[in-house]
Amino acid sequence: MKTRSVFPFVLLCLSALAFALLDGCATRQMGCGGSCCTVCAVSKAPELTPLPPILPAPASQDEKMAWFREAKYGLFIHWGLYCQPAGEWKGKPVAGIGEWIMNRAQIPVTEYEGLAKTFNPVQFDAEAWVQMAQDAGMKYIVITSKHHEGFAMYHSAVSPYNIYDATPFHRDPIRELAQACAKHGIKFGFYYSQSQDWHEPGGMGNTWDFGPDDAKDKDGAYDKYLQEKAEPQVAELLQNYGPVCLMWFDTARVMNVNNRGQRFVDLVHKYQPACLIDGRLGVKGDYSSTGDNVIPSEGEQGDWEVPATVNHTWGFKKDDTDWKAAGDILFKLVDVASKGGNYLLNVGPTSAGVVPAECKSNLLTVGRWLKVNGEAVYGAGRSPFGDEFGDFSTKLKDANGKPVYLEFTDWRCTTKPGKLYFTVFRMPRGGFQLPDFKNEIKKAYVLSDPEQADLSITTTNDIRQIAIPREKQNSMANTIVVEIAGDQVER
Ligand code: H79
């Protein structure tokens, strides 16, 4: 009895061992796609193939912005050494955003550097990340090439404090992601913390090891850091990873002195004239960035983008599982698009190299909606209305005695020439009441209806109302396409 029950197990072990040895690994894990082994910590990089050529200089600013205006939705990835402590230092939780742990816990450089020695994200799979972004309906990816902690997440020749040289992982994930993005037709860009660098004596922000920032600015240390680390690293990123769609700078500190900001602009223009610059370099970029997680209450002119989190941190924190629900993400995306902006939504992968499952699942739910209804988002223009965004309270006052702005979340409108897309998040039982406009309506249908069957419109006291049959309604949101006479709404 005993031998009979043990025998299959022994056989399984022996065959697994033989299989694993052939693969150069003693305990190959199932389900890792052959690129990793979580037990013996051996990882295999995909074969590297040449990257596409860098894009030519656009003929105009409109041409330069075209992909960004079409894309609307991007994936931000915050990945660095901070995902290892994941919000906890020496057994104690550290409050605040996870990638700020070095600063919040005032960890000395010499101690923090130790994290590199154990950083080995063996489950990292560039293909899986890019596939996730694509399935989520995102059109571009921006990853932290170096955050304020100062650690380069790519193979840098400028500083050995990088993932290839300083960790047992000994791979360049950015190079692998560049390849996967090219394969999937996803645009690829870099976050680079140009001012803050807590690893360098001349970088801004590390006052616990290197003293006050003012002194670094005045005694030349800041310029030395900018010229000897930040600028050469940005040049590396622009030269070694194929077409870069966007350089995402952040937390500018005194960038208007000594041409500091302009030198970054010059580098981008020199190496990649088609590459956009975000709104946080400290000198003018190609579009404006709102505050972190700040969605304007009304439509804004020009090109702009909202960087946002899916929970309450950018870098992975093990105790933050308060994920935005799929419906909330979808509302925010359509809200931002209807106001004329882009939504850059962040994930913080773990130190094993994986995106937390629940967060991924929520993104994919939104992706399934976009697969059917994406026409209302990608390349769509602003709402011609505005009353749907919200209203000032007649009762509630803020600390300054001003009326509080209350957001409405019932519906949003996006546009294309001759078409209005009403995405309705809360469908009134009697049907959706169209806002007032003069144009003749040629046709109205549900975007997800393959037959585009005509919806009936009833008019009572000059108010037009559209009812969607219940069987055609989706639980998250329904988009009604209204085709109008003329390109633009007349009110
Ligand atoms: O990369 C993400 C953030 O790390 C970065 N921008 C996004 C895209 C960012 N850098 N600085 N800030 C955001 C503002 C930071 C504010 C705070 Fe704090 C950090 C609040 C709590 C921790 C600094 C330290 C201010 C208070 C304590």
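About the criteria used
- Residues numbered from 1 in each chain as written.
- Predicted model: local features only at pLDDT ≥ 70, side-chain atom pairs only at ≥ 80, totals over all residues.
- Heavy atoms only, no water.
- Helix = DSSP H or I, 4+ residues; strand = E, 2+ residues; numbered from the N terminus.
- Rg over C-alpha atoms; globule rule 2.2 N^0.38 Å.
- Buried < 20%, exposed > 50% of the residue type's maximum accessible area, 1.4 Å probe, protein only.
- Contact = heavy atoms within 4.5 Å.
- Areas by Shrake-Rupley, 256 points an atom, 1.4 Å probe, with all protein chains shown as cover.
- Near = heavy atom within 4 Å.
- Polar contact = N/O pair within 3.5 Å; in protein donor to acceptor, adjacent residues only side chain to side chain.
- Nonpolar A, V, L, I, M, F, W, Y, C, P; charged D, E, K, R; others polar.
- Pairing = 2+ DSSP bridges.
- Axes fitted to C-alpha atoms, helices over the stretch in contact; angles between N-to-C directions.
- Parallel < 35°, antiparallel > 145°, perpendicular 65-115°, else oblique.
- Left-handed = near helix turned anticlockwise from the far one by under 90°.
- Arc of directions from axis to C-beta.

### Details of the overall build of the chain
So, step 1. Scanning the chain for helices and strands turns up 14 helices and 21 strands.
So, step 2. Here the C-alpha radius of gyration of the chain, 25 Å, is about what a compact globule of 491 residues would show, namely 23 Å.
So, step 3. Along the longest, intermediate and shortest principal axes, the C-alpha atoms of the chain span 80 × 75 × 50 Å.
So, step 4. When the 491 residues of the chain are sorted by exposure, 51% land in the buried category.
So, step 5. Here the analysis covers contacts within the chain between residues at least 6 apart in sequence; of these, 70% occur between residues at least 24 apart.
So, step 6. Accessible surface, the chain as shown: approximately 22,200 Å² in total, 53% of it carbon and sulfur.

### Structural notes on the site of the ligand
So, step 1. Around the ligand there are 13 residues in total, and His78, Glu99, His147, Asp250 and Asp292 lie nearest to it.
So, step 2. Between the ligand and Asp292, the relevant distance is 3.0 Å, taken from a nitrogen atom to a side-chain nitrogen or oxygen of the residue.
So, step 3. Among the residues forming the shell around the ligand, the class breakdown is four nonpolar, four polar and five charged.

### Observations concerning the environment of Asp165
So, step 1. Looking at the element boundaries, Asp165 is found in helix α7 (residues 163–166).
So, step 2. Given the relative accessible area of 41%, Asp165 is considered partly exposed.
So, step 3. Sequence separation between Asp165 and Phe432 is 267 residues; the distance between their C-alpha atoms is 59 Å.
So, step 4. Those residues in contact with Asp165 that sit more than four places away from it in its chain are His155, Ser156 and Pro160.
So, step 5. At 2.9 Å, the side chain of Asp165 forms a polar contact with the side chain of Asn162.

### Overview of the sheet that holds strand β8 (residues 246–249)
So, step 1. Spatially, β9-β8-β7-β6-β3-β12-β11-β10 is the arrangement adopted by the eight strands of the open sheet, whose pairing is parallel. Edge positions in the open sheet fall to β9 (276–277) and β10 (288–289), since each of these has one partner strand only.
So, step 2. Pairing analysis gives four bridges linking strand β11 (residues 304–308) to strand β12 (residues 342–347), with the strands arranged parallel. Counted as the bridge partner of Pro307 is Leu344 from β12.
So, step 3. Across the face of the sheet, helix α11 (residues 221–240) comes into contact with β6 (140–146), β7 (187–192) and β8 while running at roughly 170° to β7.

### Examining unusual backbone geometry
So, step 1. A positive phi angle is found at Lys72, which is not glycine, with a value near 65°.
So, step 2. Within the fold, Lys72 resides in the loop between α2 (61–71) and β3 (73–77).
So, step 3. Even without being glycine, Asn258 reaches a positive phi, approximately 50°.
So, step 4. Here Asn258 shows up in the loop between β8 and α12 (260–271).

### Examining the packing of helix α13 (residues 326–338) against helix α14 (residues 357–373)
So, step 1. Interhelical geometry of α13 versus α14 gives an angle of 55° and a closest axis separation of 8 Å. Comparing their axes, α14 and α13 come out oblique. Of the two elements, α13 crosses α14, and the hand of that crossing is right-handed. Contacts between α13 and α14 pair Ala326, Ile329, Leu330 and Leu333 from the former with Asn362, Leu363, Thr365, Val366, Trp369 and Leu370 from the latter.

### Brief notes about the side chain of Lys216
So, step 1. Examined against the element boundaries, Lys216 turns out to sit in helix α10 (residues 213–218).
So, step 2. Reaching out from Lys216, the side chain makes a polar contact with the side chain of Asp213 at a distance of 2.8 Å.
So, step 3. With residues near it in sequence (within four places) discarded, Lys216 still touches Pro201, Gly202, Gly203, Met204, Gly205, Asn206, Thr207, Phe210, Gly211, Ala221 and Tyr222.

### Digging into helix α6 (residues 126–135)
So, step 1. Listed in full, the buried residues belonging to α6 are Ala126, Trp129, Val130, Met132 and Ala133. All buried residues of α6 project into a common sector of 155° when viewed along the axis, lining one side.
So, step 2. Positioned one or two residues after α6, Gly137 has a phi angle of 85°, which is positive.

### Looking at the pairing of β3
So, step 1. Within β3, five of the five residues are buried, leaving the element largely enclosed by the surrounding structure.
So, step 2. With burial as the criterion, each face of β3 is covered, one bearing Tyr73, Leu75 and Ile77 and the other bearing Gly74 and Phe76.
So, step 3. Strand direction decides the pairing type here: β3 and β12, joined by five bridges, are parallel. What sits directly across from Gly74, in β12, is Leu344.
So, step 4. Sheet topology places β3 next to β6; four bridges connect them, and they run parallel. Of the residues in β6, the one forming a bridge with Leu75 is Ile141.

### Details of the sheet that holds strand β21 (residues 478–484)
So, step 1. An order of β15-β16-β21-β18 is seen for the four strands of this open sheet, with the pairing classed as antiparallel. Looking at strand neighbours, the two that pair on one side only are β15 (411–416) and β18 (441–446), the edges of this open sheet. Taking each pair of neighbouring strands and ignoring which way they run, the sheet shows an average axis angle of 20°.
So, step 2. With six bridges connecting them, strand β16 (residues 419–424) and β21 associate as antiparallel partners. Looking across to β21, one finds that Leu420 is bridged to Val482.
So, step 3. Most of the contacts of α13 go to β15, to which it runs at about 50°, and overall it touches β15 and β16.

### Points about the packing of α11 against α12
So, step 1. The interhelical angle for the contact between α11 and α12, taken along N-to-C directions, is 20°, at an axis separation of 10 Å. When the axes of α11 and α12 are compared, the pair comes out roughly parallel. Relative to α12, the crossing made by α11 is right-handed. Residues Tyr222, Asp223, Leu226, Gln227, Ala230, Glu231, Val234, Ala235, Leu238 and Gln239 of α11 form the contact with α12, whose own contacting residues are Arg260, Arg263, Phe264, Leu267, Val268 and Tyr271.

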